[in-house]
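Fold and geometry: a report
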Amino acid sequence: MRTDTGRVFRLEDYRPSDYLIPRTDLSFVLSPDSTIVTARLLIRRREGVAPGTPLNLDGDGLTLRLVEVDGKLLEETEFSAPPESFVLHRPPAKDEFVLTIVTEISPSTNTALMGLYRSNGVYCTQCEAEGFRRITYFLDRPDILSVYTVRIEASRAEAPLLLSNGNPGATGELPDGRHFAVWHDPFPKPSYLFALVAGDLGAIHDEFVTMSGRAVALAIYVEHGKERLATYAMDALKRSMKWDEEVFGREYDLDVFNIVAVSDFNMGAMENKGLNIFNDKYVLADENTATDADFANIEAIIAHEYFHNWTGNRITCRDWFQLCLKEGLTVYRDHEFSADERSRPVKRIAEVRTLRAHQFPEDQGPLAHPVRPRRYREINNFYTATVYEKGSEVVRMIRTILGREAFRRGMDLYFDRHDGEAATIEDFLKCFEEASGRDLSQFTLWYHQAGTPNISATSAYDAAAKEFTLEIEQSLPPTPSESRKRLMHIPLQFGLVGPDGQDLSYAAVEGTAVEDGVIHVRKRRHSIRFSGVEERPIVSLNRGFSAPITLSLEQKTEHRVFLARHDSDPFSRWQSFNTILTEATIAGSKRILGGGEAEFEPVIAEVAGAIVENENLERAFRALALTPPGEADIAREIGSNIDPDAIFAARDALVRRIAEANRDQFLAAYHRLEDNGLFSPEAASAGRRALRNVLLDYLATTQDGPDIASAHFGSATNMTDRAAALAVLVHRHCERAEAQDALHAFEVTHGDDPLVMDKWFAIQAAAPGPNTVDAVQRLAAHPRFSIANPNRLRSLFGTFFSGNQSGFHRADGAGYRLFAETVLEVEKRNPQVAARLATGLRSWRSLEPKRQELAREALVSIASTKGLSADLSDIIDRTLA
Ligand code: PHE
Ligand code: ZN
């Protein structure tokens, strides 16, 4: 483990490397405890660099066995190899030379899961961001592009399958039951895209013929016996390949495309050139083991990694500050893919919910950073919702500003101009400016300024003059180390909704640039006057969530109800009702804190009832509209002095109120939506299940709730329904025998399937109330739990710390003490995962004072532990700062 050196990396310090590595030949002789890696690197001095300039390579935890320059063994005095680097004091004065380095590593003891490690007996690698230096000494930075040839040698019994990047080359037998395979990747790539897999795996095979008629052999490798579970992923892969050709004109470029699923993986998946490595959670699925959400995630992540082949691999990042160049853009691409494959409005609502749940709290707390950060201590901690999700929103805004056609021209120019390069955000933006003739300089601030902008708006209608005025003001709250903010360019899609629900037209507009239904907010204040507006409109602002902002818009409930019923923009309809529910819950929690009871206007339950019945709306949409805002969403809206118990109570009361008022109608709809027993993972079927399961959650609070839920559990023919019923039972009726019986039945059926057991752990960890701390502690001792596996950790502890408001934030601080203990324990094996778990307390300052103090104590107890990793101390220090 690398302990913290406190070193800070700064964007402005970038300079090109003195040396380049145009060719990299690697040879691996694999064995669990002692793998020998021979790297033959063609080193080229960059033009203009003085001959003899020392060569400084990165390394991490390597044992150096041998060094040669141009085939000549080096003396000890000619180099030094302290723990984190290799320095060749006086490289040959000529332009190019060959440096051969032999290192020894131990995959079996690599618990950090970075570099070469073993998962279930399979050798695999993870090199992004800085894992390659744990394999050999190298210029381990993304602007060093090299052509790789890789030879892998292993015992055939242990590893019949030998994979690396690019296209397959020679293979052959060796003495003592060993064999080898050679792979060659013709596309120059940075070291973080290197990958190797060796092991004994099953596979499914398929083929894709590209737009120019080339056949690509596709394979997905999984544990033996699980081949059938990879068919959905394969289907998603072929659809992704086709979509990227049709929508972005991007064709695949190698003869093979391989995906390997492993069970120990720190993140979701990795886009290594021609050899994507996946967390098996995002590959394996059938109706009995995966929920509809799992299917949707698999489709999105398969697409995401595939799309990286162009946005990330063919064009990579100059340095890690540019991470959003590949990630934000690729998330944007996978969002568009899912929108095209499924329902665009439903996908948009889901995206916004995710953004608000993960990115907004980040942007509004101590870990806030710009989409393109300017400094970092540990780059692993910058694979964030801001870089990914807000990064995608920024690309989406470029499309909104430019329009689809100019946006596509900008993308074409980007692919054309920067193919084979390591680029920057400036390079990217320039392509859109050139392709559209627009000035994006103010817009660029979205990449540079942290924080969620706020738009406040008021409106007035002058019936006599037929004029409608909108007063809009933007503000950007301060964030860590950025106290003063500049004014942003915020594209707000909008409509003036008339009494019949249609958008009203207007004759003219004064005050700012309004173009094609978009207000371009650029100044602090805009007063926009629409003339020739025949009737009094209700303004619908930020339609489609065109900008990732918070909106303060004073609007009467009756106007919100009107928009929830009639807005032509489906996102805004959803938003209007969601705002009604949020405001009602906030008001309820205030009354509860004041010693009273939550009360709700009857119109809320009425609208909910009407939504269920409205057959003009997609079922998936109705399900989302009826889903009440989460406790964390409500806490975020309140902002400070949070008491999670009051929020829980208010939200619970709201759900009960809606259910009570609509009980018969909900029950009838619930029965109408019953399963016909035939399963399809497609959006329409998933939508039916989603709506039925939301209704179940409401009905569970009514009189025969436990019976309905346990019947639902018992008759479920797929994991979506089964897991939904289990969650309802455990979250709403955990004291009842029905809940305990269901937990037991689930465990008996799925005890041997770790991915399914993750749901069982997560559902229990999400149970509200003061008893969950103890339950989580008990579950950590369950034989199916393992502290070594990131998926198990995320299911149990990740869910509890980041997804359970009332359980984790128990008033006596027991949750926080478990947090400190767990984070420190996990850190000993896997600092990266520990650091991620530790973000569970990032919003501690918005808690009420007593909890705040207890949370602070837990954070300080971590901070004062000796020898912390760079990953963890970076998060904890920033959280406490
Ligand atoms: N680059 C991966 C992705 O977004 C994420 C990742 C980062 C995976 C670091 C592993 C390690 O697709
Ligand atoms: Zn990615």
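Residues numbered from 1 in each chain as written. Chains lettered and ligands numbered in written order. Predicted model: local features only at pLDDT ≥ 70, side-chain atom pairs only at ≥ 80, totals over all residues.

A word on the environment of Asp58
Put simply, the rule is: Every helix listed is a DSSP run of H or I at least four residues long, and every strand listed is a run of E at least two residues long, numbered separately from the N terminus. Every C-beta atom is placed from the backbone, and the number of other C-beta atoms within 10 Å of a residue's own sets its class: buried at 20 or more, exposed at 12 or fewer, partly exposed in between. Residues are treated as contacting if the C-beta atoms built from their backbones sit within 7 Å of each other.
Within the secondary structure layout, Asp58 lies in strand E4 (residues 55-58). Since 19 C-beta atoms lie within 10 Å of it, Asp58 is described here as partly exposed. Sequence separation between Asp58 and Thr136 is 78 residues; the distance between their C-alpha atoms is 8.4 Å. With sequence-adjacent residues up to four places away left out, Asp58 is seen in contact with Ser85, Arg133, Tyr137, Phe138, Leu139 and Asp140.

Here we look at the packing of helix H1 (residues 231-248) against helix H3 (residues 323-341)
Formally: In this analysis an axis means a line fitted to C-alpha atoms, helices contributing only their contacting stretch, and an angle means the value between N-to-C directions, from 0 to 180 degrees. For classification purposes, angles smaller than 35 degrees are called roughly parallel, those larger than 145 roughly antiparallel, those between 65 and 115 roughly perpendicular, and all remaining angles oblique. Asp, Glu, Lys and Arg are counted as charged, while Ala, Val, Leu, Ile, Met, Phe, Trp, Tyr, Cys and Pro are counted as nonpolar; the rest, among them Gly, fall into the polar class.
With their axes 11 Å apart at the nearest point, H1 and H3 run at an angle of 105° to one another. Looking at the two axes, H1 sits roughly perpendicular to H3. Of the residues in H3, those in contact with Arg239, Ser240, Trp243 and Val247 of H1 are Glu336, Phe337, Asp340 and Glu341. Among the residues forming the contact of H1 with H3, the class breakdown is 3 nonpolar, 1 polar and 4 charged.

Focus: the domain arrangement of the chain
Which entries qualify depends on this criterion: Each domain's extent is set by a domain assignment, obtained either automatically or from a database.
Splitting the chain by domain gives domain 1 (1-200), domain 2 (316-448), domain 3 (454-546) and domain 4 (771-881). Taken over C-alpha atoms, the centre of domain 2 sits 25 Å from the centre of domain 3. Taken together, the contact pairs 11 residues of domain 2 with 12 residues of domain 3. Listed by contribution, the elements that provide at least two residues to the side of domain 2 that touches domain 3 are helix H4 (344-363), helix H5 (385-402) and helix H8 (445-448). The element best represented in the side of domain 2 that touches domain 3 is H5, accounting for 3 residues. For the side of domain 2 that touches domain 3, the per-class residue count stands at 8 nonpolar, 2 polar and 1 charged.

Notes on helix H10 (residues 570-593)
Condition: By definition here, a helix of n residues has an expected span of 1.5 Å times n minus one.
Compared with an ideal rise of 1.5 Å per residue, which puts 24 residues at 34 Å, H10 spans 35 Å between its outermost C-alpha atoms and is within 8% of the ideal. Just beyond H10, the residue with positive phi is Gly595, at close to 90°.

Notes on the sheet that holds strand E32 (residues 538-541)
Filter applied, for reference: Here, strands pair whenever DSSP counts at least two bridges between them.
The sheet built from 4 strands is open, its strands ordered E29-E30-E27-E32 with antiparallel pairing. This sheet does not close on itself; its edge strands, each paired only once, are strand E29 (514-515) and E32. Two elements, E29 and strand E30 (residues 518-521), share 2 bridges in a ladder whose sense is antiparallel. Within the sheet, the bridge partner assigned to Glu515 lies in E30 and is Val518. Of the strands in this sheet, strand E27 (490-497) and E32 touch helix H9 (residues 557-566), which is tilted by about 65° from E32.

Regarding the sheet that holds strand E33 (residues 550-553)
Spatially, the 5 strands line up as an open sheet ordered E28-E31-E26-E25-E33, and their pairing is mixed. Looking along the sheet, the strands with just one partner apiece sit at the ends: strand E28 (508-510) and E33. The sheet shows a mean angle of 20° between the axes of neighbouring strands, direction not considered. As judged from the 4 bridges shared by strand E25 (residues 454-462) and E33, these two strands associate in the parallel manner. When the bridges of E33 are listed, Ser456 appears paired with Ser552.

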